[in-house]
Amino acid sequence: MALLELKNISKSFAHAQGSLRVLEDVSFTIDEGQFVAIVGPSGCGKSTMLRIINGLMPATGGQVLYQGKQVDGINLECALVFQSFALLPWLSVKANIELGLEAQGIPPAEREKRAGIYIDKVGLDGFEEAYPRELSGGMKQRVGLARALAVEPRVLLMDEPFSALDALTAITLREELLDIWRSRDMPVHTIMIVTHIIEEAVELADRILVLSAHPGRLAADLPVDLPRPRDRREEGFNALTDKVFSLIEERS
Amino acid sequence: MLRGSGWQARMASQTNARRMLSTAASFLAVAAIVALFFAYKRYQPALHAPRLRVHARELPYYAFCSFYRMLAAYVIALLFSLIYGTAAARSRARERVMIPIIDVLQSVPVVGFFPAAIYFFVSLAHGRLGVELAAIFLIFTSMAWNMVLGVFESVRTIPTDSMEALDAFGASWWLKLKRLLLPACVPKLVYNSILSWVGGWYFLIACEIITAGPAEYRLPGLGSFLMTAADRGRTGELIAGLLALLAVIVAMDIVVWQPLSTWAEKFRYEFAASSEPMRSLGMLDALSSIGPSITRLMRTIFRPPLRWIVHLLSNRPPFDPAAHPLVVRTGRALRLALIAGMFFILAYGLIEGLTALIRTLLQPWPSATRQIPAATVASMIRMTIAYLISLLWTIPCAIYASENQRFARALAPIAEIVGSVPATALFPLIVLFFIRMTGGMNLASIVLILTGMQWYLLFNLLGGVSQIPADLKEAARSFGLSRIQTWRKLTLPAIAPSLLTGSITAWGGGWNALILSEYFVYRGATHEVFGLGAMLDEATYKTNNGVMILLTLLSMVLVVILLNRFMWRRLYDVATERYRIDY
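Reading the values: rules and limits
In this convention, every chain numbers its residues from 1, walking through the sequence in written order. The order in which chains are written sets their letters, starting at A; the order in which ligands are written sets their numbers, starting at 1. Restriction of local features to residues with pLDDT of at least 70 applies here, the model being predicted, together with a cutoff of 80 or more for giving and counting side-chain atom pairs; totals for whole chains, interfaces and linings are based on all residues. By convention in this description, side-chain values take in all heavy atoms of the structure and omit both hydrogens and water. Known as pLDDT, the predictor's confidence for each residue is given on a scale from 0 to 100. Secondary structure elements are defined from DSSP: runs of H or I of at least 4 residues count as helices, runs of E of at least 2 residues count as strands, and each element is numbered from the N terminus. Note on contacts: a residue pair qualifies if any of its non-hydrogen atoms lie within 4.5 Å across the two residues. Patch members must show over 30% relative accessible area and no salt bridge, and they are joined within 9 Å when carrying like charges or within 5 Å when they are nonpolar side chains of Val, Leu, Ile, Met, Phe, Trp or Tyr. Note on areas: these come from Shrake-Rupley sampling with a 1.4 Å probe, and a residue is covered only by the protein chains present in the view. We count a salt bridge whenever a side-chain nitrogen from Lys or Arg sits within 4 Å of a carboxyl oxygen from Asp or Glu. Note on exposure labels: buried denotes an accessible area under 20% of the residue type's maximum, exposed denotes more than 50%, and partly exposed covers the range between, all computed with a 1.4 Å probe on protein chains only. Between any two strands, at least two bridges found by DSSP are needed for them to pair. Lines fitted to C-alpha atoms define the axes, with helix axes restricted to the stretch in contact, and inter-axis angles between N-to-C directions lie between 0 and 180 degrees. By definition in this entry, angles of less than 35 degrees are roughly parallel, angles greater than 145 are roughly antiparallel, angles of 65 to 115 are roughly perpendicular, and the rest are oblique. Rotating anticlockwise by less than a right angle from the far helix to the near helix defines a left-handed crossing, while the corresponding clockwise rotation defines a right-handed one. Basically, the charged four are Asp, Glu, Lys and Arg, the nonpolar ten are Ala, Val, Leu, Ile, Met, Phe, Trp, Tyr, Cys and Pro, and anything else, Gly included, counts as polar. Handedness is read with the strands pointing away from the viewer; a crossover is right-handed when the path from the first strand over the helix to the second is clockwise. Here the buried area means the combined drop in accessible surface, using a 1.4 Å probe, for two parts upon being joined, counting both sides. Polar contacts, as counted here, are pairs of nitrogen or oxygen atoms within 3.5 Å of one another; within protein the pair requires one atom able to donate a hydrogen and one able to accept it, and residues that are adjacent in sequence qualify only if both atoms are side-chain atoms. Each Phe, Tyr or Trp ring (for Trp, its six-membered ring) is paired with any other whose centre lies within 6.5 Å, and the angle between the two planes then decides the class: stacked below 30 degrees, edge-to-face above 60, tilted in between.

Here's the deal with the confidence of the model for chain B
All names here are of chain B. Residues of chain B with pLDDT of at least 70 account for 82%, and the chain-wide mean is 79. Mean pLDDT in chain B bottoms out at helix H10 (residues 282-313), which sits at 59, and peaks at helix H12 (residues 372-403), which reaches 94. Segment residues 1-14: pLDDT under 50, and 49 contacts once partners within four positions in sequence are set aside and those in other chains are kept. Throughout residues 270-287 the model reports pLDDT below 50, and contacts reaching past four residues in sequence, or to other chains, amount to 23 contacts. Both confidence scores are given for the complex: pTM 0.79, ipTM 0.85.

What follows is the structure, given as structure tokens:
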């Protein structure tokens, strides 16, 4: 049985001049352990789709199945990483990371222990008591990542997580993300990442879903079987990048 | 959105000694201003009080009179705020002097200055003109300060690179003003203008009946109409008057403020965190079609004098190799004369004010002076109760608005209209109701203070709620925070700065309401409670004792300044430091 299944998902938003169709009839399944990237032009509804999977917003039509059961409301087995980091500015790094644990009613001692593990994993040692505004963009996103990992989700949802960072920081964080994904002691093995950077998708994912825009439809579902670690200068890498690029171009 | 201006920009943590010093200095300055006005008391105005006709037929005329008074005060306040605010924002040295003055003026209860201002203006111009000027001046003082701070903050927060971009093109001062400074002021100016009109209506109603010693003068207008109707027990006319007032306020909101607010949106630098689709109104289109011709007219009228003012104010006139040396020298001389003249007026006012202050205080103090501390405590208790009641309903309201978009969207326009109906117009009804119910004035007085406080809190809190970024709300939901956890972790911290700004402005409004609410004359009978406001009113309207007026007013000012400096300001600094959203 698939871990996650989307069945004929569609979504439209009420608009001043009628309604705007963002997603139309999107169906796919995700298996445990997959690293899936969703790419598409802006306005194709990729971020919306992530929010529907998380349960933050209801779909207009279709259903989301998690382990065969229909998801209704927030799915706490998923954790979301935001493009804008979405950290609470008045909470310290540690308190931000403990947020999800606190929501689950985990006692303070256990919270502290768990937060400590993930602070260490993402390389935030020494910054526990700092406030988000004192951190650089890269460090902030480490907090966002640690906060999501700390609730030990089965699925990690990432909404353009590296788009607000400079290129060099993004490279480092991508590598660290792959390390986390591969490491045995991490409970999360399934990652869905939304991105508009095609190279990022090809470098990270082992499956790429291409969405077309207006309305967003599933245009292609490509496996990525390049050997890891992947090198951006390799021929296979470039060929795949070009292929995804042309797929997006012809659909928009 | 609705966040009262001014306090944000100045978070410089002052040392205690400097705080004390500046507190003492500002108190002395206000004392001098008060005394200066009272110095004109020796010109006892002889006012002929025409009997006001209370008939619904007269209402359109009265509504017009009230409206033009508001408009005159607003236009003066607008020009004043643009000049003063820009001047203060463009130089650190000027800011250090100019902004604390506004801070003090903003927190001092304007209503207390009523009699003083009347003496002053009636001695300047006798008869109705003097009274009109006094009324316009009082409305001006209730409108100007927040607008000044709005302009100041807007100019101060213009991104450096925008300024540099214009500098790099060698833009003149005039071009910078037109293309950068003024547009940057628009959002805050529009928002503060709405607030100013709300405050203006409140005072207008209270200040159209002007009592100067034994003489009473009723200016034709909605305020005096309502008060006279209530006094004569004419319920029908009272309701008609209230409806007329409501009609003017609603019309202003629909025809002016809503289109202006929509228009002001396009001048924002930042994009609203939780962006709502912009409301488009038919009215706006109508306005934009007649807009250009109005603009052209305004341009021909205002451009030359404005340009001249700007030129005089600018620190460094742009280098112009073609300028004739005579023109340059004349400009420089004019500037010097202007500055010297202002200094002269200031020095004269200061000396005059201080001598008046000393002269008044040297007179024998009446025995009632000893009751001032107790009266202050009594008034503070009333204000605190009113404040707590305001918190009790506005905070839950704001929290609910943060959870329910539909509720928030429905509440905002309703609150805007209801909140801008000046409570002073309802005073007779409220007082009558409570006196009949409880037999005393105490509860009525608290309710009256409440009407002067609650809306500031509600507006600020709703503004704070609307500023909570959508992604933070999403994060809270995504991690499964319960309702109470969301309040604790997200909503309450996020609205803390607005709560403080709201509280500061609410207390400012409360002090004004206090003066109007502890002492009420109805059909010849005086209803009063023991308190600072009642003491002031009694000294003004009954005993006409200058020393007593001055002493009660100064005690009030002292309490206000101390509270602001040592409580609100500190809390505000903590709140903005810790709970600002700027990740």
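Description of a nonpolar patch on the surface
All names here are of chain B. Residues Val377, Ile381, Ile385, Ile389 and Trp393 make up a contiguous nonpolar surface patch of about 410 Å² in total accessible area. Looking at where isoleucine 381 falls in the secondary structure, it is placed in helix H12. When its relative accessible area of 48% is taken as the criterion, isoleucine 381 is described as partly exposed.

Digging into the sheet that holds strand S1 (residues 4-15) of chain A
Two orientations exist for strands paired in a sheet by backbone hydrogen bonds: parallel and antiparallel. All names here are of chain A. With respect to topology, 4 strands assemble into an open sheet ordered S2-S1-S4-S5, the strand pairing being antiparallel. Pairing within the sheet leaves two strands with one partner each, and these edge strands are strand S2 (18-30) and strand S5 (69-70). Packed on one face of the sheet, helix H1 (residues 46-54) meets S1, S2 and strand S4 (61-66) and runs near 120° to S1.

Some words on the packing of helix H18 (residues 532-543) of chain B against helix H19 (residues 546-579) of chain B
All names here are of chain B. At a minimum axis separation of 8 Å, H18 and H19 run at an interaxial angle of 155°. Classed by the angle they form, the pair H18 and H19 counts as roughly antiparallel. As H18 runs across H19, the sense of the crossing is left-handed. Across the interface between the two elements, Leu532, Gly533, Met535, Leu536, Ala539 and Thr540 from H18 touch Met548, Ile549, Thr552, Leu553, Ser555 and Met556 from H19. Here the contact of H18 with H19 is composed, by residue class, of 8 nonpolar, 4 polar and no charged.

Section: the pattern of salt bridges
Residue and element names in this part refer to chain A. What the rule picks out here adds up to 26 salt bridges over all chains. Residue glutamate 24 pairs with arginine 217 through a salt bridge whose shortest N-O separation is 2.4 Å. Of this pair, glutamate 24 sits in strand S2 while arginine 217 sits in strand S10 (residues 217-223), and the two are 193 residues apart along the sequence. For glutamate 98, the salt bridge identified is with arginine 111, shortest N-O distance 3.3 Å. Taken together, the positions of glutamate 98 in the loop between helix H2 (93-97) and helix H3 (99-103) and arginine 111 in helix H4 (residues 108-121) put the pair 13 residues apart, joining distant regions of the chain. Across the pair, arginine 111 and glutamate 98 agree in class, each one buried.

Concerning the sheet that holds strand S8 (residues 190-195) of chain A
Residues and elements named next belong to chain A. The 6 strands lie next to each other as S6-S7-S8-S3-S9-S10, forming an open sheet whose pairing is mixed. Every interior strand has two partners, whereas the edge strands, strand S6 (78-81) and S10, have only one. Across the sheet, the mean angle separating the axes of adjacent strands is 20° when strand polarity is ignored. Set on the sheet, H1 makes contact with strand S3 (35-39), S6, strand S7 (155-159), S8 and strand S9 (207-212); between it and S7 the angle comes to about 150°. The sheet contacts of helix H5 (residues 137-150) involve S6 and S7, and relative to S6 the element is tilted by about 175°.

Looking at the pairing of S7(A)
Residue and element names in this part refer to chain A. Among the 5 residues of S7, 5 are classified as buried, and the element is accordingly described as predominantly covered. Burial along S7 is two-sided: Val155, Leu157 and Asp159 and Leu156 and Met158, pointing in opposite directions, are all buried. Note that S6 and S7 share 4 bridges and pair parallel. Within S7, the residue paired with cysteine 78 across the bridge is valine 155. Assessed by its sense of winding, the connection that carries the chain from S7 through helix H6 (residues 167-182) to S8 is right-handed.

Points about the interface of chain A and chain B
Facing 26 residues of chain A, the contacting portion of chain B comprises 22 residues. For the pair chain A and chain B, the summed buried area comes to about 2,300 Å², and 59% of that belongs to carbon and sulfur atoms. Summed over the three residues of chain A that lose the most area to chain B, namely Leu56(A), Trp90(A) and Arg133(A), the buried surface amounts to 32% of that side. Applying the counting criterion to the chain A and chain B interface returns 3 salt bridges. One salt bridge in this structure joins Arg488(B) and Glu102(A), with 3.3 Å as the shortest N-O distance. The tally of links between chain A and chain B comes to 10 residue pairs in polar contact (both at pLDDT 80 or more). In terms of residues, the side of chain A that touches chain B owes the most to one element, H3(A), which gives 4 residues. Class assignment for the residues of the side of chain A that touches chain B results in 17 nonpolar, 4 polar and 5 charged.

Looking at the packing of aromatic side chains
Each aromatic ring pair is characterised by the separation of its centres together with the angle its planes make. Residue and element names in this part refer to chain B. Under the criterion given, the structure shown has 24 aromatic pairs over all chains. Between tyrosine 61 and tyrosine 62, the ring centres sit 5.8 Å apart and the planes meet at 40°, which makes this aromatic pair tilted. Residues phenylalanine 140 and tryptophan 145 carry aromatic rings whose centres are separated by 6.0 Å and whose planes lie at 75° to one another, so their mutual orientation is edge-to-face. Summarising the burial analysis for this pair, phenylalanine 140 and tryptophan 145 share the class buried. Cluster of aromatic residues (ring-pair linked, three or more members): Phe80, Tyr84, Phe121, Phe137, Phe140 and Trp145.

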